[in-house]
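# Working through the structure, step by step
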Amino acid sequence: MPEREAGQGAPNTQSNGIEVEGLVRQFKNGPKAVDGISLTVEPGEIYGFLGPNGAGKSTTVHMLTTLLPPTAGSARVAGLDVANQGAEVRKLIGAALQEAALDPNLTGREHMKLQTALHGLPREERVRRGDELIERVGLSSAADRRVGGYSGGMKRRLDLALALVHRPRVLFLDEPTTGLDPQSRASLWEEVTRLSTQDGVTVFLTTQYLEEADQLANRVGIIDAGKIAAEGTPSALKAEIGRPSVEVLPVDPERRGEAEQILLRFGTAVPAARDALSVRLNEGINELAAIVRSFDSAGIELASLGLNEPTLDDVFLAKTGRHLEGAGEADSAEMRLPEVEAAGSS
Amino acid sequence: MIPDRKYFSAGWAVAWRYLHNLYTKPAVFVPGLIFPLFFLAAFAGGLSAVGDTPKFDYYDFTAFQFCFILIQASALAGVFVGFSIAGDFEQGMGRRMMLATSRRSSILLGYAIGAALRLIVVWVIITGVSLLAGMEVRGSGYDLVGMYSLGLLANVVALLFSAGIAFRFRSLQAGPLMQMPVFIALFLAPVYVPQELLTGWIEPVAKVNPVTALLNGARSLMAGDPTGILLAYGIAFGMIALLALWALRGLRRAEVAG
């Protein structure tokens, strides 16, 4: 998915952003779960809040959605102070939290009835709005079934629909795709993107999936141990930490030393997979052809040659000194370019 | 701030869900009904000989016990709502309601409406069973409205008390904390015999127990001879005022806890 401009096509961008300044939340006798974060989310933007478990993502969302008062600092959502104007804030925001809080005894349609009434929608609008959203999230055929029998993906989609009943200007999604299968995840991404681009809804999305932040977010904030470690567009963050790396695997293990000498002419060594060699390129992707030619002229046959663009995990590593938990398996496949088979063979 | 249409809409939504779950889950509804019926059978039936005790001057032992069952069932219906609140917070629905309502006291209002509507069904059943058991009613229509109103106030008192605990603990594990004090207060009132016949340690305890005023008031209304009604209503409204603060502060605690 190409990176999009914030609020592109947004019809409703009137003060529906988020401004956070020095926000702190300290639990009783505990450490600071959120430790003085500051960030700004532009109207109509999808802001990805990326971090490992326990980094402070959900606590931040709870403060911004008025579920939890900040210990210090300030936050304005849609132009309103979350600490002092909670009731007004709640009228303008929607939230789908980490645990989809659904009543297993109610059907999907009954949930919509409950939610529309809780938000005080006019009686004549409730059924229409509920049906419209149920259809939009693809739950029409299951709408009259009890939610206790829904799959995880169906529950998430219903939760999203419930968050939208009152047409919120700002939407908070706390790890919305955790535990979902790839198809459900893609469908939810599509809907979130549509909300931002077509409806102009500002989306604050927490995730521990690098791919999700990379694909969905206009900008990403990386949080670690309650502090913002980095912030920017995914491409800017990756560019900030540098150049791509090349990883090669010689066919003949005895020529590994020679291969290493060649590679080191083009960059600095970085950790590689077992038996492979990897360097961070000095000049960037333009050097790839020269590397292939060098191996060719030295007669070193390669089992594989791969070009690795920096990932958000690399950004996280560079900023925090450690990898993001769970990173790798979901992201490496998408982020790596296809390997060039036996580049040096001739 | 004056409650608006949205405030009452949210309250009705909470009440609707409470009643929906109550009447679609017999496992939740039936115990709340069996409880007063069991006490009615045990006290009015099994202990009917108590009515023959010298100086027991109430006109009908079944009616005498019915008034206690009415107050007890009403109060316990309020306590059961506390259980529902705690369960909702434990399962995350409490958070959904906190997020969706702009003014959160509408959540408490909704549970109170639900409890009152639930109570009507309980009243109809225990009244019907008592009448079938031969209960004699001497109070006029106005007296009976006054008597059931005392039941409703007992319900609100117990609801506010248990809601305060539920909002603070947000866990069903706090169930005994909601139930036990109400249960104890009910049984430290003149349950089996009129207050004048109580002796020993229970006599002074019953004298200061606020439930005693409610019970005496209800019995006098049932007998068509209203006495101590102002005291009963005064105590009930006083407790409601105090416990409303307790419940709303509990709600604030739930808000702060996230």
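Residues numbered from 1 in each chain as written. Chains lettered and ligands numbered in written order. Predicted model: local features only at pLDDT ≥ 70, side-chain atom pairs only at ≥ 80, totals over all residues. Heavy atoms only, no water.

## Describing the overall build of chain A
- Within chain A, the regular secondary structure consists of 12 helices and 15 strands.
- Here chain A holds 346 residues, and the buried ones make up 54% of them.
- Within chain A, counting contacts between residues at least 6 apart in sequence, those at least 24 apart form 72% of the total.
- A total of about 14,600 Å² of accessible surface is found on chain A, and carbon and sulfur atoms cover 48% of it. (Helix = DSSP H or I, 4+ residues; strand = E, 2+ residues; numbered from the N terminus. Buried < 20%, exposed > 50% of the residue type's maximum accessible area, 1.4 Å probe, protein only. Contact = heavy atoms within 4.5 Å. Areas by Shrake-Rupley, 256 points an atom, 1.4 Å probe, with all protein chains shown as cover.)

## Overview of helix 9 (residues 256-264) of chain A
All names here are of chain A.
- Looking only at helix 9, the buried set comprises A259, I262 and L263. All buried residues of helix 9 fall inside an arc of 95 degrees around its axis, so they share one side.
- Residues of helix 9 that are buried make contact with strand 11 (245-250), strand 12 (267-269), strand 13 (277-281) and helix 10 (288-298). (Arc of directions from axis to C-beta.)

## Thoughts on a nonpolar patch on the surface
Residue and element names in this part refer to chain B.
- Taken together, F8, W12, L117, I120 and V124 make up a surface patch of nonpolar side chains, about 480 Å² in accessible area.
- Elements that contribute at least two residues to the nonpolar patch include exactly helix 1 (5-24) and helix 5 (105-132).
- Here the element with the most residues in the nonpolar patch is helix 5; it accounts for three residues.
- Mapped onto the secondary structure, W12 falls in helix 1. (Patch = residues over 30% accessible without salt bridge, like charges linked within 9 Å, V, L, I, M, F, W, Y side chains within 5 Å. Salt bridge = Lys/Arg side-chain N within 4 Å of Asp/Glu carboxyl O.)

## Some remarks on the pattern of salt bridges
Residues and elements named next belong to chain A.
- Tallied over the full model, the rule gives 20 salt bridges over all chains.
- The shortest N-O distance in the salt bridge between K32 and D35 comes to 4.0 Å.
- In this structure D35 comes out as partly exposed when scored by relative accessible area, which is 22%.
- As a salt-bridge pair, D199 and R194 come within 3.5 Å of each other at their nearest N and O atoms.
- Put simply, R136, E191, R194 and D199 are held in one network by salt bridges that share partners.

## Quick notes on the packing of helix 3 (residues 108-118) of chain A against helix 4 (residues 93-100) of chain B
- Look at helix 3 of chain A against helix 4 of chain B: their axes get within 9 Å of each other, and the N-to-C directions meet at 40 degrees. Taken as axis vectors, helix 3 of chain A and helix 4 of chain B run oblique relative to one another. Viewed along their axes, helix 3 of chain A and helix 4 of chain B form a crossing whose handedness is right-handed. Along the contact surface, helix 3 of chain A presents A:L114, A:Q115 and A:L118, while helix 4 of chain B presents B:M93, B:R96, B:M97 and B:A100.
- Split into classes, the residues belonging to the contact of helix 3 of chain A with helix 4 of chain B amount to five nonpolar, one polar and one charged. (Axes fitted to C-alpha atoms, helices over the stretch in contact; angles between N-to-C directions. Parallel < 35°, antiparallel > 145°, perpendicular 65-115°, else oblique. Left-handed = near helix turned anticlockwise from the far one by under 90°. Nonpolar A, V, L, I, M, F, W, Y, C, P; charged D, E, K, R; others polar.)

## Some points on the interface of chain B and chain A
- Of the residues lining the interface, 27 residues belong to chain B; the matching set on chain A comes to 31 residues.
- For the chain B and chain A pair, buried surface summed over both sides reaches about 2,600 Å², with 57% attributable to carbon and sulfur atoms.
- Three residues, B:W16, B:R96 and B:L99, lead the burial of chain B against chain A; their summed loss comes to 27% of the area buried on that side.
- Counting every contact that joins chain B to chain A gives two salt bridges.
- Taking the shortest distance from any N to any O, the salt bridge between B:R17 and A:D103 comes out at 2.7 Å. (Buried area = accessible area lost by both parts, 1.4 Å probe.)

## Considering helix 11 (residues 312-320) of chain A
- Where helix 11 of chain A is concerned, the buried positions are A:L312, A:D313, A:D314, A:V315 and A:F316.
- Positioned one or two residues after helix 11 of chain A, A:G321 has a phi angle of 85 degrees, which is positive.

## Thoughts on the pairing of strand 8 (residues 202-207) of chain A
Residue and element names in this part refer to chain A.
- Among the six residues in strand 8, six count as buried, and that is most of the element.
- Side chains of strand 8 alternate between two faces, with T202, F204 and T206 and V203, L205 and T207 buried alike.
- Strand direction decides the pairing type here: strand 3 (residues 46-50) and strand 8, joined by five bridges, are parallel. Its bridge partner lying in strand 8, L50 is registered against T207. (Pairing = 2+ DSSP bridges.)

## Some remarks on the sheet that holds strand 9 (residues 219-224) of chain A
Residues and elements named next belong to chain A.
- Across the sheet, which stays open at both edges, the six strands sit in the order 6-7-8-3-9-10 with mixed pairing between neighbours. Across the chains shown, the open sheet's two edge strands, defined by having one partner strand only, are strand 6 (93-96) and strand 10 (227-232). With direction set aside, neighbouring strand axes in the sheet form an average angle of 15 degrees.
- Of the pairings in the sheet, the one linking strand 6 to strand 7 (residues 170-174) comprises four bridges and is parallel in character. Along strand 7, the bridge assignment pairs I93 with V170.

## Description of the environment of A:A236
- Locating A:A236 in the fold gives a position in helix 8 (residues 234-241).
- Sequence separation between A:A236 and A:L80 is 156 residues; the distance between their C-alpha atoms is 30 Å.

## With respect to the packing of aromatic side chains
- All chains considered together, the criterion is met by 20 aromatic pairs over all chains.
- Taking the centre distance of 5.5 Å and the plane angle of 15 degrees together, the rings of A:Y47 and A:F204 count as stacked. Residue A:Y47 is found in strand 3, and its partner A:F204 is found in strand 8; the two are separated by 157 residues along the sequence.
- Measuring from centroid to centroid gives 6.3 Å for B:Y233 and B:F237, while their planes differ by 25 degrees, and the two rings are stacked. With B:Y233 and B:F237 both in helix 10 (residues 229-257) and four residues apart, this pair spans about one turn of that helix.
- Through pairs of rings, three or more aromatic residues link up here, namely B:F35, B:F38, B:F39, B:F68, B:F183 and B:F187.
- The ring of B:W246 has B:R168 lying over it, and the distance from NZ or CZ to the ring centre is 3.7 Å.
- Geometry around B:F64 places B:R219 over its ring, the cationic atom sitting 3.5 Å from the centre. (Phe/Tyr/Trp six-rings, centres within 6.5 Å; stacked < 30°, edge-to-face > 60°. Lys NZ or Arg CZ within 6 Å of the ring centre and 35° of its normal.)

Everything listed here is a matter of coordinates, which is why it stays silent on function.
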